[in-house]
Amino acid sequence: TKLDAWIDGSAQGFRSWRAWANFERGRLDVARHILSADFKSPGFAVLALRLSARAAVAASDRAAAMSLFAKASSALSADADAHTENAVEWARALEHFNDRGGALAVLERERATVAKGPAGDAARLLAAELSAEAGDAATSRRLFEMLVAGGTNTEERAYVLASCGLVDVYLAAGATNNAL
């Protein structure tokens, strides 16, 4: 029964939540230890991969994080939203390790910037910001404009941040009227 799954400390659901709680509390070693045991359920297994990747990033273990994000990507190929969310998180991890080019490459390779919905909006926003930081004003502008042009179809946070980013791009280009 469901209750048995939560009472049994070795059950996958309980282990998954326990690992997440320890991760959120900054107890990375405990979380990583819990996540090191196999999860038989594909759903819990992919959650464990993604949380393990986050823990690896927090522990500054780039090699482990990249391997885990790649495994999660393979496991998520049938779930477009989760696949895109994983790609955004993977790219943010690369950004954390000061690899903006790698972050942009992941978003491109995983086709995250062409994904639909809020996850795709997050991917386009991140790609626009990374492109702006890399000095690629044309790509940054195109992605910001795409998000703003989406209007109410764009996730609100992405829309607001893209609008602000677009103002910055216009001001940097000397297009003050457009910025206003």
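Residues numbered from 1 in each chain as written. Predicted model: local features only at pLDDT ≥ 70, side-chain atom pairs only at ≥ 80, totals over all residues. Heavy atoms only, no water.

**Overview of the packing of helix α2 (residues 12-24) against helix α4 (residues 42-58)**
Geometry of a packed helix pair, given as the angle between the helix axes and the separation of the axes. Running from N to C, α2 and α4 point in directions that differ by 20°, and their axes come no closer than 11 Å. Between α2 and α4, the angle is such that the two are roughly parallel. The element α2 and its partner α4 pack so that their crossing is left-handed. Residues Gln12, Gly13, Ser16, Ala19, Trp20 and Phe23 of α2 form the contact with α4, whose participating residues are Phe44, Leu51, Arg54, Ala55 and Ala58. Class assignment of the residues belonging to the contact of α2 with α4 gives a composition of seven nonpolar, three polar and one charged. (Axes fitted to C-alpha atoms, helices over the stretch in contact; angles between N-to-C directions. Helix = DSSP H or I, 4+ residues; strand = E, 2+ residues; numbered from the N terminus. Parallel < 35°, antiparallel > 145°, perpendicular 65-115°, else oblique. Left-handed = near helix turned anticlockwise from the far one by under 90°. Contact = heavy atoms within 4.5 Å. Nonpolar A, V, L, I, M, F, W, Y, C, P; charged D, E, K, R; others polar.)

**Quick word on the pattern of salt bridges**
Under the criterion given, the structure shown has eight salt bridges. As a salt-bridge pair, Arg32 and Asp61 come within 3.3 Å of each other at their nearest N and O atoms. One end of the pair, Arg32, is in helix α3 (residues 28-36); the other, Asp61, is in the loop between α4 and α5 (62-75), and 29 residues separate them in sequence. Given a relative accessible area of 28%, Asp61 falls into the partly exposed group. Glu145 is the salt-bridge partner of Arg141, the closest N and O atoms lying 2.8 Å from each other. Of this pair, Arg141 and Glu145 both sit in helix α9 (residues 137-149), separated by four residues, roughly a single helical turn. On the basis of relative accessible area, Arg141 is assigned to the partly exposed category, the value being 34%. What makes Glu145 partly exposed here is its relative accessible area of 29%. Salt bridges here are not isolated pairs; linked through shared partners, they connect Arg50, Arg54 and Glu89. (Salt bridge = Lys/Arg side-chain N within 4 Å of Asp/Glu carboxyl O. Buried < 20%, exposed > 50% of the residue type's maximum accessible area, 1.4 Å probe, protein only.)

**Some points on the packing of helix α6 (residues 80-96) against helix α8 (residues 117-133)**
One can describe the packing of α6 onto α8 by two numbers: an axis separation of 9 Å at closest approach and a directional angle of 25°. Comparing the axis directions of α6 and α8 gives the class roughly parallel. Relative to α8, the crossing made by α6 is left-handed. Along the contact surface, α6 presents Asp81, Thr84, Glu85, Val88, Ala91, Arg92 and Glu95, while α8 presents Ala119, Gly120, Ala122, Ala123, Leu126, Leu130 and Glu133. Here the residues of the contact of α6 with α8 sort into seven nonpolar, two polar and five charged.

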